[in-house]
2 protein chains.
Amino acid sequence: MVKRTSFEGDSCPIARSLEALGDWWSLLIIREALFGLRRFGEFQNKLGMAKNILAARLRSLVDHGILATAPASDGSAYQEYVLTPKGHGTFPILVALRQWSEEFDDHPEEIATILVDRAKGRPVKKLEMRAEDGRLLSPAETTLKPRPAPRRRSA
Amino acid sequence: MVKRTSFEGDSCPIARSLEALGDWWSLLIIREALFGLRRFGEFQNKLGMAKNILAARLRSLVDHGILATAPASDGSAYQEYVLTPKGHGTFPILVALRQWSEEFDDHPEEIATILVDRAKGRPVKKLEMRAEDGRLLSPAETTLKPRPAPRRRSA
DNA sequence: CTTCATGGTTTTATAATGCAACCACACAAG
DNA sequence: CTTGTGTGGTTGCATTATAAAACCATGAAG
């Protein structure tokens, strides 16, 4: 396999996000980190993935600023992997994937869990596209526009 | 490379979604279909990807029910690829990826476009997690719950 | 009919993945 | 202190996934 096309320099933010998130297993590792896993062994045990791939993915996620390493919380000499704010920011992506699957999966009965509001136990509402003024938007009611040049910032 | 682990039988909807969407290029093909591309050559020209990979991806997206083939709209004998409702349902995923990248990208100045409300030209609002009753939810305010057994349906 | 366009298919070589074995250090127990 | 187990990797190997390029079959236009 020749090297996969990199989307790193792409002008589209979707493509750019795939550079950080698009490797096989990456989103599932983030999912587990959101559930609170932190230790290499925890990720490995939960996901059942190859250790060399896990090591490479964790390294990549750290390099992309999604995870950070921190001293283990039990006081041992080991390191843990903790989500950064950038990592936490992936939550809507995971929710979107989940809701798409729940709605369109060929075998919805194979899905084991639903995402609920912790306080009430009720399902989280479907994600909605909304305009600045709150109007609900369908995909057809959106479009792309050139990004305005950023304002100059004082040094 | 040995065969990648399949998430097909996974009980988590996020993992399951990656089976259909997780191949390199798949989400970008869908993005282009959402922009209105339909013909093999259009996808190929726009994305600049290898034709054999494009053919394989289009086949996979059709097999997963995200795209369907239809006679070409110009009356020729060719086929077109059109998004199904399931395909259109991926829009929030793409929006979530876009918004994550816009917020956290190391080089936001390299992003060329913003997603706007077509009528007003104003940026689309950031996606929000909301409870059934409309309360805004942080990730910590959500949890997973076993999916209730489906009701028996009349034959 | 000829020529070009379209939508693939096939071949080839390298990167990406998973498996399994190995390794270096950390930690715990005696 | 020694020994054994746990932890977090690293390494070697084989197969699949990817991209590039060439090839091919049909469609369309003149």
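Source: prediction; values computed, not measured.

## Some thoughts on the protein's contact with DNA strand C
Every one of the 26 residues lining DNA strand C counts as a neighbour, but Met1(A), Val2(A), Ala77(A), Met1(B) and Val2(B) are closest to it. Sugar plus phosphate, as a fraction of atoms of DNA strand C within 4 Å of the protein: 52%. The contact in question runs from a phosphate oxygen of DNA strand C to an N or O atom on the side chain of Arg39(B), over 2.6 Å. One of the side-chain nitrogen or oxygen atoms of Lys51(B) is found 2.9 Å away from a base oxygen of DNA strand C.

## Thoughts on the packing of helix H1 (residues 13-21) of chain A against helix H6 (residues 91-104) of chain B
Following both chains from N to C, one finds H1(A) and H6(B) inclined at 80°, their axes separated by 8 Å at the closest point. Between H1(A) and H6(B), the interaxial angle falls into the category roughly perpendicular. For the pair H1(A) and H6(B), contact is made by Pro13(A), Ile14(A), Arg16(A), Ser17(A), Leu18(A), Ala20(A) and Leu21(A) and by Leu94(B), Leu97(B), Arg98(B), Trp100(B), Ser101(B) and Glu102(B), respectively. Here the residues of the contact of H1(A) with H6(B) sort into eight nonpolar, two polar and three charged.

## Focus on the domain arrangement of chain A
All names here are of chain A. Once the domains are mapped, chain A shows domain 1 (13-84) and domain 2 (91-130). Each of domain 1 and domain 2 was reduced to a C-alpha centroid, and the two centroids are 23 Å apart. Contact with domain 1, which involves five residues of that partner, is made by four residues of domain 2. Overall, the association of domain 1 and domain 2 removes approximately 310 Å² of surface from exposure, summing both partners, and the carbon and sulfur fraction of that is 96%. Considering only the side of domain 1, the residues that lose the most area to domain 2 are Leu21, Leu27 and Leu34, jointly responsible for 85% of the buried surface there.

## Details of the protein's contact with DNA strand D
Taken together, the neighbourhood of DNA strand D is formed by 26 residues, with Met1(A), Val2(A), Met1(B), Val2(B) and Ala77(B) sitting nearest. Restricting the count to atoms of DNA strand D within 4 Å of the protein gives a sugar and phosphate share of 53%. Thr5(A) places a side-chain nitrogen or oxygen 3.0 Å from a phosphate oxygen of DNA strand D. One of the backbone N or O atoms of Ala77(B) is found 2.5 Å from a phosphate oxygen in DNA strand D. Counting residues per element, the ones that place at least two in the surface near DNA strand D are helix H3 (40-47) and helix H4 (51-63) of chain A together with helix H4 (51-63) of chain B. Across the surface near DNA strand D, the residue classes break down as 14 nonpolar, five polar and seven charged.

## Section: the relation of the copies chain B and chain A
Superposing chain B onto chain A requires a rotation of 180° together with a translation of 0.0 Å along the rotation axis, leaving an RMSD of 0.0 Å. These values place the two chain copies in the arrangement generated by a two-fold rotation axis. Minimal C-alpha separation from the rotation axis in chain B is found for Ile93(B), amounting to 2.9 Å. Residue by residue, 99% of the interface of chain B is reproduced at the interface of chain A, so both copies engage with the same surface.

## Quick look at helix H2 (residues 26-34) of chain B
Residue and element names in this part refer to chain B. Most of H2 sits out of view: eight of its nine residues are buried. Of all the residues in H2, the buried ones are Ser26, Leu27, Leu28, Ile29, Ile30, Arg31, Glu32 and Ala33. Just downstream of H2 lies Gly36, where phi reads positive at about 110°.

## Focus on the packing of H1(A) against H2(B)
The interhelical angle for the contact between H1(A) and H2(B), taken along N-to-C directions, is 170°, at an axis separation of 10 Å. In terms of axis orientation, H1(A) runs roughly antiparallel to H2(B). Here Ile14(A), Ala15(A) and Leu18(A) of H1(A) come into contact with H2(B), specifically with Leu27(B), Leu28(B) and Arg31(B). Taken together, the residues of the contact of H1(A) with H2(B) sort by class into five nonpolar, no polar and one charged.

## Some remarks on the pattern of salt bridges
Taken as a whole, this structure holds 30 salt bridges over all chains when the rule is applied. Of the charged contacts in the structure, one is a salt bridge between Glu32(A) and Arg31(A), with a shortest N-O distance of 2.8 Å. Take Glu32(A): its relative accessible area is 1%, and that puts it in the buried class. Under the relative-accessibility criterion, Arg31(A) is labelled buried at 10%. The closest approach of N and O atoms between Arg16(B) and Asp105(A), which form a salt bridge, is 2.8 Å. Residue Arg16(B) is found in helix H1 (residues 13-21), and its partner Asp105(A) is found in the loop between helix H6 (91-104) and strand S3 (113-117); the two belong to separate chains. The pair Arg16(B) / Asp105(A) is uniform in exposure class, with both members buried. In the salt-bridge network here, residues are joined through shared partners; they are Asp117(A), Lys120(A), Asp133(B) and Arg135(B).

About the thresholds
Residues numbered from 1 in each chain as written. Chains lettered and ligands numbered in written order. Predicted model: local features only at pLDDT ≥ 70, side-chain atom pairs only at ≥ 80, totals over all residues. Heavy atoms only, no water. Near = heavy atom within 4 Å. Polar contact = N/O pair within 3.5 Å; in protein donor to acceptor, adjacent residues only side chain to side chain. Axes fitted to C-alpha atoms, helices over the stretch in contact; angles between N-to-C directions. Helix = DSSP H or I, 4+ residues; strand = E, 2+ residues; numbered from the N terminus. Parallel < 35°, antiparallel > 145°, perpendicular 65-115°, else oblique. Contact = heavy atoms within 4.5 Å. Nonpolar A, V, L, I, M, F, W, Y, C, P; charged D, E, K, R; others polar. Domains from an automatic or database assignment. Buried area = accessible area lost by both parts, 1.4 Å probe. Least-squares fit on C-alpha atoms with pLDDT ≥ 70 in both. Buried < 20%, exposed > 50% of the residue type's maximum accessible area, 1.4 Å probe, protein only. Salt bridge = Lys/Arg side-chain N within 4 Å of Asp/Glu carboxyl O.

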